[in-house]
Amino acid sequence: MTQPQTEPSSVPRIDAPTLKRWLHDGAEIGLLDVREHGQYGEGHPFLAVSLPYSRLEVEAPRLLPRRGARLVAFDAGDGVALRAAAALRGLGYTDVHVLEGGAPAWRQAGYTLFAGVNLPSKTFGELAEHICHTPRIGAAELASRQREGDKLVVLDGRPYTEYQKMNIPGGICCPNGELALRIQELVPDPATTIVINCAGRTRSIIGAQTLINLGVPNPVLALENGTQGWYLADLPLEHGSRRKYPDTVPVDALPALRDRAAALAREHGVRTVDAAQARAWLADPARTTYLCDVRTEEEYAAGTLAGAQHTPGGQLIQATDQYIGVRNARLVLIDSEGVRAPVVASWLRQMGWEACVLHEGVAADVAAPFMAADLPALPHIAAAELPGALRDGAVLVDVRPGMAYRKGHIAGARWSIRPRLARLGLPAGARVVLLATDAAVAALAARELAALGITQVRLNMETSDAWRAAGLAIEAGDDVPADEDCIDYLFFVHDRHDGNKAAARQYLAWETNLIHQIDEQERSIFRFPVHRQAG
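None of the values given here were measured: they were computed from a predicted structure.

1. Thoughts on the overall build of the protein chain
Scanning the protein chain from N- to C-terminus turns up 23 helices and 21 strands. Taken along the three principal axes of its C-alpha coordinates, the protein chain extends 75 × 50 × 45 Å. Residue burial in the protein chain is summarised as follows: out of 535 residues, 56% are buried. Within the protein chain, residue pairs in contact and separated by at least 24 positions form 77% of the contacts whose partners lie at least 6 positions apart. Put simply, the protein chain shows about 21,200 Å² of open surface, and 51% of that area lies on carbon and sulfur atoms. In the protein chain, which carries 54 positive and 63 negative side-chain charges, the distance between the mean positions of the two groups comes to 1 Å.

2. Quick notes on the packing of aromatic side chains
If you walk through the whole model with that rule in mind, you get eight aromatic pairs. On the basis of an interplanar angle of 80° and a centroid distance of 4.9 Å, the ring pair of Y489 and F491 is categorised as edge-to-face. You can call F491 partly exposed: its relative accessible area is 23%. Centroid distance Y507 to W510: 5.2 Å. Interplanar angle 45°. Geometry classified as tilted. Linking Y507 with W510, this pair stays in helix 21 (residues 501–517), spanning three residues, or about one helical turn. Through a chain of ring-to-ring contacts, the aromatic side chains of F124, W347, F526 and F528 assemble into a single cluster.

3. A word on the sheet that holds strand 7 (residues 152–156)
Hydrogen bonds between backbone atoms are what pair the strands of a sheet, whose relative direction is either parallel or antiparallel. Spatial strand order, 6-10-9-7-8: five strands in an open sheet with parallel pairing. With one partner strand each, in any of the chains shown, strand 6 (136–137) and strand 8 (172–173) form the two edges of the open sheet. The pairing of strand 7 with strand 9 (residues 193–197) spans five bridges and is parallel. Each bridged residue has a counterpart across the sheet, and for L155 the counterpart in strand 9 is I196.

4. With respect to the side chain of T227
Among the secondary structure elements, T227 is positioned in helix 11 (residues 226–232). A polar atom in the side chain of T227 sits 3.4 Å from the backbone oxygen of A199. The residues contacting T227, other than those within four sequence positions of it, are R158, M166, N167, I168, N197, C198, A199 and L237.

5. Here we look at the environment of A128
Mapped onto the elements, A128 comes out in helix 6 (residues 119–132). Spatially, the C-alpha atom of A128 lies 45 Å from that of A476, the residues being 348 residues apart in sequence. Excluding anything up to four places from it in sequence, A128 contacts H133, T134, I205, I206 and F528.

6. Points about unusual backbone geometry
With an omega dihedral of -5°, the bond running from V480 to P481 counts as a cis peptide bond. Despite not being glycine, H133 shows a phi value in the positive range, around 55°. With respect to the helices and strands, the residue H133 is situated in the loop between helix 6 and strand 6. At D234, a residue that is not glycine, the phi angle is positive and equals roughly 60°. Structurally, D234 is set in the loop between helix 11 and helix 12 (254–267). D234 gets classed as exposed once you look at its relative accessible area, which sits at 57%.

7. Quick look at the sheet that holds strand 1 (residues 13–14)
Spatial strand order, 1-5-4-2-3: five strands in an open sheet with parallel pairing. Only two strands of the sheet have a single neighbouring strand rather than two, namely strand 1 and strand 3 (49–50). The pairing of strand 2 (residues 30–33) with strand 4 (residues 71–74) spans four bridges and is classified as parallel. Residue pairing for strand 4: L31 is matched across the bridge by V72. Helix-sheet contacts for helix 4 (residues 80–90) involve strand 1, strand 2, strand 4 and strand 5 (96–99), and the interaxial angle to strand 5 is about 170°.

8. Observations concerning the environment of G207
When you line up the elements, G207 lands in helix 10 (residues 202–214). On the accessibility criterion, G207 (0% relative accessible area) is buried. Separated by 13 residues in sequence, G207 and V220 place their C-alpha atoms 9.5 Å apart. When sequence neighbours within four positions are dropped, the list of residues in contact with G207 reads N176, L179 and I196.

9. With respect to the packing of helix 3 (residues 56–63) against helix 19 (residues 439–451)
Between two packed helices, the angle of one axis relative to the other and the distance separating the axes together describe the packing. With their axes 9 Å apart at the nearest point, helix 3 and helix 19 run at an angle of 115° to one another. Contacts from L56, E57 and V58 in helix 3 reach A440, L444 and R447 in helix 19.

10. Quick look at the pairing of strand 4
The alternating pattern of strand 4 places L71 and A73 and V72 and F74 on opposite faces, both of which are buried. Bridging between strand 4 and strand 5 involves three bridges; their strand directions are parallel. Within the sheet, the bridge partner assigned to A73 lies in strand 5 and is V98. Since strand 4 and strand 5 lie parallel, the crossover through helix 4 that links them has a hand, and here it is right-handed.

11. Digging into the pattern of salt bridges
Summed over all chains, the structure comprises 37 salt bridges. R295 is the partner of D293 in a salt bridge, and the nearest nitrogen-oxygen pair spans 2.8 Å. Classification of D293 as buried rests on a relative accessible area of 0%.

12. Some remarks on helix 4
Because each turn of an α-helix spans 3.6 residues, side chains separated by three or four positions in sequence point in the same direction. What helix 4 keeps buried is the set V80, A81, A84, A85, A86, A87 and L88. Buried positions along helix 4 lie against strand 2, helix 3, strand 4 and strand 5. In the segment just after helix 4, G92 is the residue with positive phi, at about 105°.

Parameters and conventions
- Residues numbered from 1 in each chain as written.
- Predicted model: local features only at pLDDT ≥ 70, side-chain atom pairs only at ≥ 80, totals over all residues.
- Heavy atoms only, no water.
- Helix = DSSP H or I, 4+ residues; strand = E, 2+ residues; numbered from the N terminus.
- Buried < 20%, exposed > 50% of the residue type's maximum accessible area, 1.4 Å probe, protein only.
- Contact = heavy atoms within 4.5 Å.
- Areas by Shrake-Rupley, 256 points an atom, 1.4 Å probe, with all protein chains shown as cover.
- Lys, Arg positive; Asp, Glu negative; His and termini not counted.
- Charge placed at Lys NZ, Arg CZ, Asp CG, Glu CD.
- Phe/Tyr/Trp six-rings, centres within 6.5 Å; stacked < 30°, edge-to-face > 60°.
- Pairing = 2+ DSSP bridges.
- Polar contact = N/O pair within 3.5 Å; in protein donor to acceptor, adjacent residues only side chain to side chain.
- Axes fitted to C-alpha atoms, helices over the stretch in contact; angles between N-to-C directions.
- Right-handed = clockwise from strand over helix to strand, strands pointing away.
- Salt bridge = Lys/Arg side-chain N within 4 Å of Asp/Glu carboxyl O.

Written as structure tokens, this is what we have:
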């Protein structure tokens, strides 16, 4: 379980102007922010993808399916990118570079570091509203129309788990990727006004515009600023709701739905490819191809194509960088009925992706190559054995999320995270017990410790209740780890859904301002139809 070693001098470095040129030269590139998620969210280049060093070997095969893709890793200027490059080379990636000086050098070269997450997707949503003139409704007006009994339905375009946290009263969950397939069953009367909402802005806009693009006869509106706008208007939200789209669609409704989806796909130049073409692309050593199943979680779990990644359609549009790590790659979308994939692909094409639809869908004879992380299992130690291990000199290192440590940890356990384990100053030969909620994170932390000469590592994945039952004292506090050390936690307007109106306003202002922050090259990745831009 030793960590791959790479001599610093053997890793090619590039400067910020070179990286900027590469990002827009039309060739494939994966710009990998190997800092932790909190650091990433505080500021990163527009086209960067989050690949935290603490999870790198686990996430890389999914985000970066072709080992020959051109990759650039960057950090905070602290050397983590070199270790990440070593790990990537150990996985078989052959074209790995490091940005000299990391994120600080990018800023010093005059380029923008953007706060937040899912920047290209959110920026695209804002541009879509401006270019398509997506009609919208404010929270106060919607509440008034609901009170007056207007014929309208509110559809929530977020995944079910998000919807259950808070929703507009009476709203029904129908994630954006499902709208094209389910809308007829949800809203059969063309006289009913449809309002699409999300937590903020992007999915409200994209969901509403999806129905408009499909030619749905109903009046369609996006709820301006989503549940945050509703809260800011001092209107009550529902919590724990269970209303959602119907599980099935009548078979006799599918032909018309397919025709409508196909017409939209043709409008945006979406290709339909057969299994032979998809297999050839997936075997092509010179181009990266992603196989994306845009159906629901339940459908995906019931069976999909080998190597296909679950990319629920609405989220693939909303958070593309969480699924696709290489710019200018091919995306092959699959569904089971020929409605959802073409509609999602129509948006991805406008976002600048080479997206197409697999004709046979999940019935195709296609398999994508996939190499899972090879992480040996750590020996476990039970909570009941921890007091004895401590008496024998073992050191407890808590590698759970920083905020979980704050809420409750074993007294004396030291919090750390993979890129900073060396800061603990543990001597070579130390005996360590890792406390974790994720076995993969623990295995990678153990790999890091092994490089420091610490190989006697065991794992405990139990809860505070089990620790208490073993007679261990539990501590909690709001200042350990300190905010500056919680590099895995995104503080950026983190409480915008938890009663903090200032944070909600800050977030909405950030989102609407994105289109004013991007430069002309970043704007040029999007491909809106000329007739809409002219309108």
